[in-house]
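So you can see what is in the structure, the chains are spelled out below.
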Amino acid sequence: MQTSISDDMPRIGLLEDDDDFREELALGLKGFGFHVAFAASDSTSFLRAFAGHGCDIAILDVNVPGEGGFAVATRLRAKAQAGGMKLPLISVRGKGYVFAG
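Residues numbered from 1 in each chain as written. Predicted model: local features only at pLDDT ≥ 70, side-chain atom pairs only at ≥ 80, totals over all residues. Heavy atoms only, no water.

Just to check I follow, could you spell out the pairing of strand S3 (residues 57-61) for this structure?
Both faces of the sheet carry side chains from a regular strand, because those side chains alternate between them. The element S3 is largely enclosed, with a buried count of 5 among its 5 residues. Burial along S3 is two-sided: Ile57, Ile59 and Asp61 facing one way and Ala58 and Leu60 facing the other are all buried. Here 4 bridges tie strand S1 (residues 11-15) to S3, and the two strands are oriented parallel to one another. Counted as the bridge partner of Leu15 is Leu60 from S3. (Buried < 20%, exposed > 50% of the residue type's maximum accessible area, 1.4 Å probe, protein only. Helix = DSSP H or I, 4+ residues; strand = E, 2+ residues; numbered from the N terminus. Pairing = 2+ DSSP bridges.)

How should helix H1 (residues 19-31) be read in this particular structure?
Three- or four-residue spacings in an α-helix give side chains the same orientation, since the helix completes a turn every 3.6 residues. Taking 1.5 Å as the rise per residue, H1 with 13 residues should run 18 Å; its terminal C-alpha atoms sit 18 Å apart, in good agreement. The complete set of buried residues in H1 reads Arg22, Ala26, Leu29 and Gly31. Where H1 is buried, its residues meet S1, strand S2 (35-40) and S3. Here H1 starts with a cap whose side-chain oxygen sits 3.1 Å from the backbone nitrogen of Asp20, and that cap is Asp18. (Expected span 1.5 Å × (residues − 1). Contact = heavy atoms within 4.5 Å. Polar contact = N/O pair within 3.5 Å; in protein donor to acceptor, adjacent residues only side chain to side chain.)

How do you make sense of the pattern of salt bridges when you look at a structure like this?
Here the idea is simple: oppositely charged side chains can pair when their charged atoms come close. In total, this model carries 3 salt bridges according to the counting rule given. For Arg11, the salt bridge goes to Asp56, with nearest N and O atoms at 3.6 Å. Placement of Arg11 in strand S1 and of Asp56 in the loop between helix H2 (43-53) and S3 is noted, with a sequence separation of 45 residues between them. (Salt bridge = Lys/Arg side-chain N within 4 Å of Asp/Glu carboxyl O.)

Put into structure tokens, the structure is as follows:
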């Protein structure tokens, strides 16, 4: 059952270097009605897309080319705090995930 994307659903930024997993994750999220604002395979592309589009939730692979997901999380957290906002972060590692509220 596919749900339509609602305007009140959070916009998700996705950082995952495995092409197949990134595509499957984005399709799965869309299938549940979430809006994947952008998806990137490396930290530089993710940060560029974040600067241009922004997102409400970031899902970050820990091990990606360039800066790792934890370094990206640190940058995102600093930007969010500087703007007086909260940005939920979810870190993906291998076959599991860690929610870092």
